[in-house]
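Here is how the chains run, residue by residue.
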Amino acid sequence: MVSTSELKYNCLLNRRETEKAIDLIKTKFPEMMSQRLNLFKVSCPLVIMDGTGINDDLSGIERPVKFPIKNQADAPAVVVQSLAKWKRWQLAELETVDREGIITDMRALRPDEDYSPQHSLYVDQWDWEQKINDSDRKLEYLKEVVENIYGIFQEMESNVCSLFPQISPILPEKIKFIQAEELLQEFPDLTPKQREYQACKAHGAVFLIGIGDELSNGEKHDGRAPDYDDWSSYNSEGHKGLNGDILVWNPLLENSFELSSMGIRVNAETLERQLKMAGEEKRRNLFFHKKLLNGELPQSIGGGIGQSRTCMFLLRKKHIGEVQSGIWPEEEVQKCLNEGVKLMK
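Residues numbered from 1 in each chain as written. Predicted model: local features only at pLDDT ≥ 70, side-chain atom pairs only at ≥ 80, totals over all residues. Heavy atoms only, no water.

Going by an unreviewed UniProt entry, the protein chain carries the name Aspartate--ammonia ligase and comes from Cyclobacterium amurskyense. Listed in UniProt under the heading Subcellular location (unreviewed entry), the comment for the protein chain reads: "Cytoplasm". Under the UniProt heading Catalytic activity (unreviewed entry), the entry covering the protein chain gives this text: "L-aspartate + NH4(+) + ATP = L-asparagine + AMP + diphosphate + H(+)". (UniProt positions renumbered as here; feature names shortened; annotations may be inferred.)

Novice: It is not clear to me how the layout of surface pockets should be interpreted in this structure. Could you clarify?
Specialist: Gaps between atoms show up when a probe of the same size as a water molecule is rolled over them. The calculated volume of the largest pocket comes to roughly 1200 Å³. The wall of the largest pocket is formed by 46 residues, among which R110, E113, H119, E258 and R309 lie closest to the centre. Listing elements by their share of the lining of the largest pocket, those giving two or more residues are helix 2 (84–93), strand 6 (122–131), helix 5 (192–203), strand 9 (243–250), strand 10 (255–264), strand 11 (300–306) and helix 8 (307–314). Top contributing element to the lining of the largest pocket by residue count: strand 10, with eight residues. Class assignment for the residues of the lining of the largest pocket results in eleven nonpolar, 17 polar and 18 charged. (1 Å grid on protein atoms, 1.4 Å probe; cavity = no way out; pocket = protein on both sides within 12 Å on 5 of 7 lines; lining within 4 Å. Points joined across faces, edges and corners; volume = space filled by probe spheres on them. Helix = DSSP H or I, 4+ residues; strand = E, 2+ residues; numbered from the N terminus. Nonpolar A, V, L, I, M, F, W, Y, C, P; charged D, E, K, R; others polar.)

Novice: Please explain the confidence of the model for the protein chain as it appears in this structure.
Specialist: Atomic detail in the predicted coordinates should be set aside for any region of low pLDDT. Mean pLDDT for the protein chain: 92, with 96% of residues reaching 70 or above. In this model, residues 1–5 is a region of pLDDT below 50 whose contacts with residues beyond four sequence positions or in other chains number six contacts. (pLDDT = per-residue confidence, 0-100. Contact = heavy atoms within 4.5 Å.)

Novice: Can you walk me through the packing of helix 1 (residues 15–37) against helix 8 in this structure?
Specialist: Two quantities define a packed helix pair, namely the angle between the helix axes and the distance between the axes. Running from N to C, helix 1 and helix 8 cross one another at 125 degrees; their axes reach a closest spacing of 10 Å. The angle between helix 1 and helix 8 falls in the class oblique. In this structure, helix 1 meets helix 8 at a crossing whose hand is right-handed. Note on element contacts: helix 8 touches helix 1 through Q307, T310, C311 and L314, opposite I22, I25, K26 and F29. For the contact of helix 1 with helix 8, the per-class residue count stands at five nonpolar, two polar and one charged. (Axes fitted to C-alpha atoms, helices over the stretch in contact; angles between N-to-C directions. Parallel < 35°, antiparallel > 145°, perpendicular 65-115°, else oblique. Left-handed = near helix turned anticlockwise from the far one by under 90°.)

What follows is the structure, given as structure tokens:
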């Protein structure tokens with residue numbers, strides 16, 4: 001039997017149709033997010049000053065793009081990697097109320113990313129953050145928000161399919177919630193990525209809960225910085241973690257496909273614990289961390305949704321370079337051409 005990966009790639013939309021569809025998605029998706037999660041749009045920075053603790057450390061090892069500024073020699077500027085902590089600071093600055101929040105178009109550069117069909121140096125996300133109260137810091141509210149966001153993916157898929165009937169809907173009716181520890185117990189001999197593959201192939205859409213802390217085998221499912229998502233608190237299902245990833249099955253790549261990373265954020269107690277676990281207690285003296293530890297920042301839930309990832313998935317594209325312009329090594333360009341994939345320049 002011939003797998004779909006061995007068949008000639010059939011691009012369903014030409015370049016002009018693709019640009020029209022991208023515009024539709026990038027216009028409608030944040031509008032629906034704002035309506036369903038009570039968010040309002042704000043502007044955001046591309047660069048910030050280094051040494052504030054505001055830039056996102058992602059899994060803790062990625063290098064931000066750094067450069068000097070002519071008249072500010074005290075510290076270099078850095079290009080943001082995401083806005084996880086900046087958004088929470090802005091919730092306080094904007095005096096938001098409970099279950100009200102913000103959404104913004106985040107643009108970032110991640111020079112340590114490896115080129116792949118779903119990774120490039122350029123990252124574009126809908127970054128969102130919602131203020132919550134102490135009673136919302138629970139798994140049940142996290143799931144409620146996930147279901148709202150998954151509903152937007154379904155509605156957006158329906159809109160795309162109506163406009164371009166050559167595209168057929170593939171998202172399942174419901175998203176499956178799975179604890180990372182439960183997935184480990186089901187597939188103890190597989191790697192984290194192999195476990196994601198099995199979960200997404202079986203269910204079509206999965207929210208994988210609890211990413212950042214060690215599982216029972218002594219390994220993390222994936223890395224998370226210690227100062228935004230709460231990955232160390234026990235949830236109501238008896239496992240650690242109030243965060244997770246929205247993953248779907250991508251039939252073109254024949255693999256799991258991450259669309260969003262999100263979670264309930266650390267409170268002061270959890271921040272202290274996770275900084276200690278990560279050996280990063282020195283961050284306590286940074287601008288952002290001092291504000292959180294002093295009770296000057298609200299409780300929140302938030303995340304990022306990949307814009308190009310979403311377009312790639314909904315438009316049934318095989319490579320992220322079909323929905324965003326970028327810098328590609330010549331070998332990547334040639335490899336894609338051999339597979340019938342034409343990258344944007």
